[in-house]
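Here are the chains, one letter per residue:
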Amino acid sequence: MSPTIRPIEARDIAGFHECFDQVAREQRFLASSEAPPLAALCAGLKRVRRVPCRAPGASRAGNPATEGERHLDLELAGMRVAVTGGTAGIGAAIVRGFAQEGAHVAFCSRSAARVAAMTESLTGYPVEARGTVVDVTDADALGGWIEGLGRIDILVPNVSAISPDWAMSIDTDMRATIRATEAAIPLLARSRAPAITYIGSKAATFGTPGHEAYGAAKAAMAHYMKSLSRRLVSRGIRVNTVAPGDVFVEGGFWDRVRQASPADYQETLDANPMGRLATPEEIAHVAVFVSCPRASFVNGAHYLVDGGATDHVQF
Ligand SMILES: NC(=O)c1ccc[n+]([C@@H]2O[C@H](COP(=O)([O-])OP(=O)(O)OC[C@H]3O[C@@H](n4cnc5c(N)ncnc54)[C@H](OP(=O)(O)O)[C@@H]3O)[C@@H](O)[C@H]2O)c1
């Protein structure tokens with residue numbers, strides 16, 4: 001009777017590569033002249049079933065939903081996150097991403113209707129969701145909102161004017177980002193794993209003719225965040241920038257370009273090696289990870305999340 005190798009079962013998926021290698025080794029062994037008797041082979045196959053399935057350091061304890069799956073716990077449950085401009089596009093995806101990980105979320109935007117809709121959309125998550133109407137260019141309102149939160153573990157300054165206008169870019173992208181950040185620092189300093197994750201842009205890293213103000217403001221803020229990462233490291237606060245490439249947001253900038261100027265939109269698609277723009281979630285996933293305690297050694301980084309659209313080497 002020839003020995004059989006058991007098929008890989010669903011519970012082995014997390015250890016798939018280990019199983020695959022083991023099966024391949026056993027097949028080679030069976031074909032060799034050194035193959036032992038059947039009883040010894042069966043004992044060997046039983047050992048395959050005990051391949052460890054957990055990612056190093058990951059904990060499945062108390063999480064039946066992930067029992068048997070490879071699961072990297074981001075350790076965000078119960079943390080408090082503040083996101084500026086969290087009711088649409090990338091900001092909304094970031095708010096949802098944190099809520100999905102069990103973090104309590106506070107967010108602001110100018111439109112009461114958007115704040116209400118976003119708050120409503122989060123009712124399914126077992127977290128606190130606090131939406132507030134704040135225009136980040138209103139210094140008092142912004143400062144009052146941040147201070148009123150009482151506790152912040154993670155700050156995501158996300159709002160931009162996305163404008164070629166210098167005054168708007170300086171007020172919204174620069175002044176408001178600096179204000180929100182500096183107001184949050186005393187609160188962040190009390191956290192056990194504090195982080196600031198600024199949403200920048202690939203536009204910070206190359207010339208943006210016609211949109212000089214936007215590119216320059218993003219570059220200035222990336223520089224500020226880098227300096228901040230050095231200034232705050234002694235207080236345990238990590239500071240990083242996630243710089244998206246072109247992101248398609250329903251009703252957002254590229255959606256408007258698509259409708260107003262299909263040729264320009266096609267040119268943008270052609271300039272993206274993946275032949276598409278990013279989804280807001282693809283940016284949010286990186287921002288959530290960079291902010292989480294698992295990214296504890298990531299500090300002062302500037303991550304381009306652009307699908308490979310920029311040519312330069314990213315030192
Ligand atoms: N989309 C892209 O292709 C792309 C590419 C690279 C970088 N980025 C960066 O990603 C970030 C988000 O962009 P997005 O495309 O997701 O923008 P978006 O879709 O226009 O959403 C912007 C969010 O910010 C809020 N907001 C805008 N101005 C505000 C203000 N003055 N005060 C308070 N809230 C304000 C908006 O709500 P209200 O209108 O209700 O205020 C909304 O919630 C920006 O920093 C942008 O530069 C985007």
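In this text, all values refer to a predicted model and were calculated from it rather than measured experimentally. Think of each chain on its own: its residues are numbered from 1, step by step along the sequence as written. Only residues with pLDDT of 70 or above have their local features reported here, since the model is predicted, and side-chain atom pairs are shown and tallied only from 80 upward, although totals for entire chains, interfaces and linings are computed over all residues.

A. How the structure looks around the overall build of the protein chain. Per the convention used, a helix needs a DSSP run of H or I reaching at least four residues, while a strand needs a run of E reaching at least two, with both numbered from the N terminus. Along the protein chain, the regular secondary structure elements total 10 helices and seven strands. Once C-beta atoms are placed from the backbone, each residue is buried if 20 or more other C-beta atoms lie within 10 Å of its own, exposed if 12 or fewer, and partly exposed for counts between those two. The 315 residues of the protein chain split such that 34% are buried. Here, residue contact means that the backbone-derived C-beta atoms of the two residues sit within 7 Å. Residue pairs in contact within the protein chain that sit at least 24 positions apart in sequence constitute 69% of those at least 6 positions apart.

B. Up close: the sheet that holds strand 2 (residues 104–109). A sheet is described by the order of its strands in space; here seven strands give the open sequence 3-2-1-4-5-6-7, paired in parallel fashion. Where the open sheet ends on each side, the last strands, each with one partner, are strand 3 (129–133) and strand 7 (302–305). On average, each strand axis in the sheet is tilted by 15° relative to the strand beside it, whichever way the strands run. Pairing between two strands is assigned when DSSP locates at least 2 bridges connecting them. All axes here are fitted lines through C-alpha atoms, helices being fitted over the stretch that makes contact, and every angle between N-to-C directions spans 0 to 180 degrees.

C. Quick peek at the confidence of the model for the protein chain. Values of pLDDT, ranging from 0 to 100, describe the predictor's confidence in every residue of the model. Put simply, the protein chain has an average pLDDT of 86, and 78% of its residues get 70 or more. Confidence drops under pLDDT 50 across residues 10–17; counting only partners more than four residues distant or on other chains, this segment forms 10 contacts. Every residue in residues 38–66 is under pLDDT 50, and counting partners more than four places away or in other chains gives 30 contacts.

D. Structural detail: the pairing of strand 3. Where strand 2 lies against strand 3, five bridges are found, and the strand directions are parallel. Bridge pairing in strand 3 places Ala106 opposite Arg130. Handedness of a crossover is defined as follows: orient the strands so they point away from the viewer, and if the path from the first strand over the helix to the second runs clockwise, the crossover is right-handed. For the crossover from strand 2 across helix 4 (residues 112–121) to strand 3, the handedness is right-handed.

E. Just the nonpolar core, in detail. To count as a nonpolar core, a set of buried Ala, Val, Leu, Ile, Met, Phe, Trp, Tyr and Cys residues must be joined through C-beta atoms within 7 Å. In this structure, Val81, Ile94, Val105, Ile283 and Ala287 are the most contacted members of the largest nonpolar core, which totals 68 residues. Tallying contributions element by element places helix 3 (residues 89–100) first for this core, with seven residues. Beyond its immediate sequence surroundings of up to four residues, Ala287 is in contact with Ile94, Val156, Thr197, Ile199 and Val242.

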